[in-house]
Amino acid sequence: MELDPLIDDRGTRIIVCCGAGGVGKTTTAAALGVRAAERGRRVVVLTIDPARRLAQSMGIDSLDNTPRKVDGIKGSDGGELHAMMLDMKRTFDEIVEAHADPERARAILENPFYQSLSAGFAGTQEYMAMEKLGQLRARDEWDLIVVDTPPSRSALDFLDAPKRLGSFLDGKFIKLLMAPAKVGGRAGMKFLNVGMSMMTGTLGKLLGGQFLKDVQTFVAAMDTMFGGFRTRADATYRLLQAPGTAFLVVATPERDALREAAYFVERLAAEEMPLAGLVLNRVHGSGAAGLSAERARAAAENLDEGRMTDRGDGKTGRSGSPATSPELSELATAAVCSVPEAAPTAEPAAQHPDVDTDAYTDVDVRHLTAGLLRLHAERMRVLAREQRTRDRFTALHPEVAVAEVAALPGDVHDLAGLRAIGDRLTAGRMPSA
């Protein structure tokens, strides 16, 4: 998968990074935002990650519900990067303030049930992420929006949020609570008490009379806004299906993550969402891939048993020992070069004239090289396992383009790290060395 043409295309207005938790969605979104901005796009990255890693990596003290410009971006042709982190409650408050008169808005915002709903009702975060995306797109201030979807047990929650909200608003319980408001005043309460006295009496005992009253007051105040929620949710859903949107499924080369990715790919296809491809993060590689795990392990055993020595020409000097490969010679040479710093016993040995320093160092080098070979064998087993897992995914979904991102030696904590991830993302495959 080639990502530079995707982010360079001015027709691409929204990129949604989705996948299971812990696979690098936030880092991927931030890296794409940095790269797009430095290639001339006006970008805003919307994250829903509570860990605040995005703010730290971009050198911002904190992110909130307002997009903040990121300094240090080497943008060309007016390229800029802004970043923000979804504040679920504040987004809900903004919707109320924008679509209700001041008196009704104040009544809603002060309602105890609303305060509980906006702070943590199931699915509210995902729906508010959709709302914020719709708001950003409507402002038309940025020509590219990169979305980091909410962390959740199921990556599908982001897509399901509008439908779940519609089901909630159309549910029998909400219609029951709306009945007295629609009838009006005492007549409405009389209707509710006569027609539904048994049900509301039971609800009052289960939920508490004051809680039920708060819910009824909230529903009465929100009645005229419910249609707007559904309308905006439907509009944002259609926006996600539009040609200017691209979904990137993010995963790691692990069985569970790729199983979730496969499920998401199938769901996106069923919903007719435009899938750009799969980003496979933290893929391991080796500069000596020609040396198999079995050969490395056998060579380590030979070194431990004293049946193999390296004399610089890649061949052994003892009868019956197999010749070493060029890769093995390179590994041994690297170990030899590191001995003066890595072996603290070499210097004390040199202070005693009776000690055979060459023999002492030879033993040290063999042990170090054997350990290096065992590490290489373990790395090759990891590579083989990742390849098998990746092959299973591509066999099921051969139509999905894949970009492999080489694992970095450490965490990403600044713009330089995000640029490095961007370079690996747009390379689309593992480096050859």
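Our subject is the structure that appears above.
Treat the numbers as computed from the prediction; the structure is a model and nothing was measured.

Conventions and cut-offs
- Residues numbered from 1 in each chain as written.
- Predicted model: local features only at pLDDT ≥ 70, side-chain atom pairs only at ≥ 80, totals over all residues.
- Heavy atoms only, no water.
- Helix = DSSP H or I, 4+ residues; strand = E, 2+ residues; numbered from the N terminus.
- Buried < 20%, exposed > 50% of the residue type's maximum accessible area, 1.4 Å probe, protein only.
- Contact = heavy atoms within 4.5 Å.
- Phe/Tyr/Trp six-rings, centres within 6.5 Å; stacked < 30°, edge-to-face > 60°.
- Core = buried A, V, L, I, M, F, W, Y, C linked by side-chain atoms within 4.5 Å.
- Salt bridge = Lys/Arg side-chain N within 4 Å of Asp/Glu carboxyl O.
- Pairing = 2+ DSSP bridges.
- Axes fitted to C-alpha atoms, helices over the stretch in contact; angles between N-to-C directions.
- Parallel < 35°, antiparallel > 145°, perpendicular 65-115°, else oblique.
- Left-handed = near helix turned anticlockwise from the far one by under 90°.
- Expected span 1.5 Å × (residues − 1).
- Arc of directions from axis to C-beta.

### Quick notes on the overall build of the protein chain
In terms of regular secondary structure, the protein chain is built from 18 helices and eight strands. By the burial criterion, 47% of the 433 residues in the protein chain qualify as buried. Of the contacts made within the protein chain by residues no fewer than 6 positions apart, 76% connect residues no fewer than 24 positions apart.

### Brief notes about unusual backbone geometry
Look at D140: it is not a glycine, yet its phi comes out positive at around 60°. With respect to the secondary-structure elements, D140 resides in the loop between α7 (124–139) and β5 (144–148). The backbone phi angle of E272 is positive, close to 60°, even though this residue is not glycine. Looking at the element boundaries, E272 is found in the loop between α13 (255–270) and β7 (275–283). Judged by its relative accessible area of 62%, E272 falls in the exposed class.

### What about the packing of aromatic side chains?
The full count for this structure, using the stated rule, is one aromatic pair. Ring geometry for F92 and Y114: centres 5.1 Å apart, planes at 75°, overall edge-to-face. Taken as a pair, F92 in helix α4 (residues 88–99) and Y114 in helix α6 (residues 112–120) lie far apart in primary sequence, 22 residues in all. When sorted by exposure, F92 lands in the same class as Y114, which is buried.

### Things to note about the nonpolar core
Core analysis: the biggest nonpolar cluster contains 93 residues, and M58, L81 and L278 have the highest contact counts within it. No other element matches the nine residues that helix α12 (residues 209–241) contributes to this core. With residues near it in sequence (within four places) discarded, M58 still touches A30, V34, V70, L81, A83, L415 and L418. Membership of the second largest hydrophobic core comes to 11 residues, among which are A296, A299, A377 and L383.

### With respect to the side chain of D93
Checked against the element boundaries, D93 lands in helix α4. By relative accessible area, which is 10% here, D93 ends up buried. Among residues more than four places away in sequence, those in contact with D93 are L109 and Y114.

### Describing the pattern of salt bridges
Applying the stated criterion across every chain yields a total of 21 salt bridges. For R90, the salt bridge goes to E97, with nearest N and O atoms at 3.2 Å. When its relative accessible area of 38% is taken as the criterion, E97 is described as partly exposed. With its nearest N and O atoms 2.6 Å apart, the salt bridge here joins R381 to E378. One end of the pair is R381 and the other is E378, both in helix α17 (residues 357–396) and three residues apart, which spans about a single turn. A relative accessible area of 38% means that R381 is categorised as partly exposed. Residue class for E378 comes out partly exposed when judged on its relative accessible area of 37%.

### Concerning the environment of A31
Within the secondary structure layout, A31 lies in helix α2 (residues 25–38). Not counting residues within four places of it along the chain, the set of residues in contact with A31 comprises L418, I421, G422 and L425.

### A few points about the pairing of strand β8 (residues 402–406)
With five of five residues buried, β8 is to be regarded as a mostly interior element. Of the two faces of β8, both are covered, the one formed by V402, E404 and A406 as well as the one formed by A403 and V405. Here β7 pairs with β8 via four bridges, running parallel. For L280, the partnering residue across the bridge sits in β8 and is E404.

### As for the sheet that holds strand β2 (residues 42–47)
Pairing is mixed in the open sheet, where eight strands are placed in the order β3-β4-β2-β5-β1-β6-β7-β8. Taken across any chain shown, the strands that pair with only one partner, and hence form the sheet edges, are β3 (68–69) and β8. Where β3 lies against strand β4 (residues 80–85), two bridges are found, and the strand directions are antiparallel. What sits directly across from K69, in β4, is H82. Lying on the sheet, α7 is in contact with β1 (14–18), β2, β4 and β5; it crosses β2 at an angle near 170°.

### Observations concerning the packing of α4 against helix α5 (residues 102–109)
Two elements in contact, α4 and α5, have axes whose closest approach is 8 Å; the angle formed by their N-to-C orientations is 155°. Considering the angle they form, α4 stands roughly antiparallel to α5. Classified by chirality, the crossing of α5 by α4 is right-handed. Listed contacts from α5 to D93, V96 and E97 of α4 are A105, I108 and L109.

### Some remarks on helix α18 (residues 415–427)
Its 13 residues give α18 an end-to-end C-alpha distance of 18 Å, which sits within 8% of 18 Å, the value for a rise of 1.5 Å per residue. Every buried residue of α18 is listed here: L415, G417, L418, I421, G422, L425 and T426. Take α18 and look down its axis: the buried residues cluster within an arc of 165°, on one side only.

### What about the pairing of strand β6 (residues 245–251)?
Here β6 lies mainly inside the structure; seven of its seven residues are buried. Neither face of β6 is left uncovered, since the one carrying T245, F247, V249 and A251 and the one carrying A246, L248 and V250 both have all their residues buried. Across five bridges, the pairing between β1 and β6 is parallel. For C17, the partnering residue across the bridge sits in β6 and is L248. Bridging between β6 and β7 involves five bridges; their strand directions are parallel. Looking at the pairing, V250 lines up with V279 of β7.

None of the figures reported here should be taken as evidence of function without further support.
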